[in-house]
Amino acid sequence: MKPHASQLPNYAPAETAIQREAQFTGAILVERLPRLVASLASAAGTLDVRFQVGNEIARPPFLRGEIRGELQLTCQRCLEIFDWPLQAKVDLRLVRSEAEEARWLQDYEPYLIEDDRLHLHEMVEDEVLLALPLSPRCAACAPPSDEAVADAVRNR
Ligand SMILES: [Zn+2]
């Protein structure tokens, strides 16, 4: 395993990554992702990223992986700041033209390669923005989960 402290590169050459089925592992400081910071209560924290590029027959190459970290959000009910555990799965298809993008859009989430670059930080930022809750609630304000409701019914 690579050391935890390695930084995820900002971008990587796309065709080389596809040929070598490259793996990208590393950390990014949340403060380096300005669009994400705009949605958070603070810019504190680090994201851990694991991406794997691979080839498949009759389909565009994939970029799959996971982003983990702890983000600080503001509870929309009590307005307290709380730590929100992020665990986002990433599953993209690397396409090389807009025609190819349009062709796979139905079944996959295409990523259009431009200038032979995979913009890794931008990818992470986009995926984390998608994963954020629309209306964040701290643990005390969160509606009871289905399981908790089932327990309450059983114990009545
Ligand atoms: Zn709250």
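Treat the numbers as computed from the prediction; the structure is a model and nothing was measured.

S.K.: It is not clear to me how the overall build of the protein should be interpreted in this structure. Could you clarify?
M.R.: Helix and strand counts for the protein come out as 5 helices and 7 strands. The buried share of the protein, reckoned over its 156 residues, is 36%. In the protein, 54% of the contacts between residues at least 6 apart in sequence involve partners at least 24 apart. When the accessible area of the protein is evaluated, it comes to approximately 9800 Å², of which 49% is carbon and sulfur surface.

S.K.: I tried to follow the side chain of Glu125 on my own but got confused; where do I start?
M.R.: Along the chain, the position of Glu125 falls in helix α4 (residues 120-131). A polar contact is formed between the side chain of Glu125 and the backbone nitrogen of Leu36, at a distance of 3.0 Å. Sequence-distant contacts of Glu125, that is, excluding residues within four places in its chain, are made with Leu33, Pro34, Arg35 and Leu36.

S.K.: Help me understand unusual backbone geometry in this model?
M.R.: Although it is not a glycine, Asp115 sits at a positive phi angle of roughly 55°. Mapped onto the elements of the fold, Asp115 is located in the loop between β6 (109-112) and β7 (117-119). A positive phi is found at Asp116, a non-glycine position, where the angle reads about 55°. Along the chain, Asp116 turns up in the loop between β6 and β7. A relative accessible area of 31% means that Asp116 is categorised as partly exposed.

S.K.: Just checking my understanding: could you explain the sheet that holds strand β4 (residues 59-74) for this structure?
M.R.: In a beta sheet, neighbouring strands are held together by backbone hydrogen bonds and run either parallel or antiparallel to one another. Strand order in this open sheet of 5 strands is β2-β3-β4-β5-β6, and the pairing throughout is mixed. Strands at the two margins of the open sheet, each flanked by one partner only, are β2 (23-29) and β6. Pairs of neighbouring strands in the sheet enclose a mean axial angle of 30°, with direction left out of account. In terms of strand pairing, strand β3 (residues 46-56) meets β4 through 9 bridges, oriented antiparallel.

S.K.: Help me out: how do you make sense of the nonpolar core in this one?
M.R.: Generally speaking, nonpolar side chains in soluble globular proteins are found buried as a group. Residues Phe24, Leu47, Phe51, Ile67, Leu118 and Val124 are the most contacted members of the largest nonpolar core, which totals 38 residues. Counting only elements with at least two residues in this core, the list comes to α1 (14-20), β2, β3, β4, β5 (81-95) and α4. When residues in this core are grouped by element, the largest group, 7 residues, is from β5. With sequence-adjacent residues up to four places away left out, Phe51 is seen in contact with Ala22, Gln23, Phe24, Leu63, Arg64, Gly65, Glu66, Ile67, Val90, Leu120, Met123 and Val124.

S.K.: I tried to follow the pattern of salt bridges on my own but got confused; where do I start?
M.R.: Oppositely charged side chains can pair when the atoms bearing their charge come close. Overall, the coordinates contain 9 salt bridges when judged by the stated rule. Here Glu15 ties to Arg96 by a salt bridge, and the two come within 2.9 Å at their closest N and O atoms. Remark: Arg96 occurs in the loop between β5 and α3 (98-104) and Glu15 occurs in helix α1; sequence separation between them is 81 residues. Its relative accessible area of 41% is what places Arg96 among the partly exposed residues. The salt bridge involving Arg93 is made with Glu56; its shortest N-O contact spans 2.9 Å. With Arg93 in strand β5 and Glu56 in strand β3, the pair connects residues that are 37 residues apart, well separated along the chain. You can call Glu56 partly exposed: its relative accessible area is 34%. Counted as one network, the salt bridges with shared partners bring together Arg50, Glu66, Arg68 and Lys89.

Procedures and definitions
- Residues numbered from 1 in each chain as written.
- Predicted model: local features only at pLDDT ≥ 70, side-chain atom pairs only at ≥ 80, totals over all residues.
- Heavy atoms only, no water.
- Helix = DSSP H or I, 4+ residues; strand = E, 2+ residues; numbered from the N terminus.
- Buried < 20%, exposed > 50% of the residue type's maximum accessible area, 1.4 Å probe, protein only.
- Contact = heavy atoms within 4.5 Å.
- Areas by Shrake-Rupley, 256 points an atom, 1.4 Å probe, with all protein chains shown as cover.
- Polar contact = N/O pair within 3.5 Å; in protein donor to acceptor, adjacent residues only side chain to side chain.
- Pairing = 2+ DSSP bridges.
- Axes fitted to C-alpha atoms, helices over the stretch in contact; angles between N-to-C directions.
- Core = buried A, V, L, I, M, F, W, Y, C linked by side-chain atoms within 4.5 Å.
- Salt bridge = Lys/Arg side-chain N within 4 Å of Asp/Glu carboxyl O.

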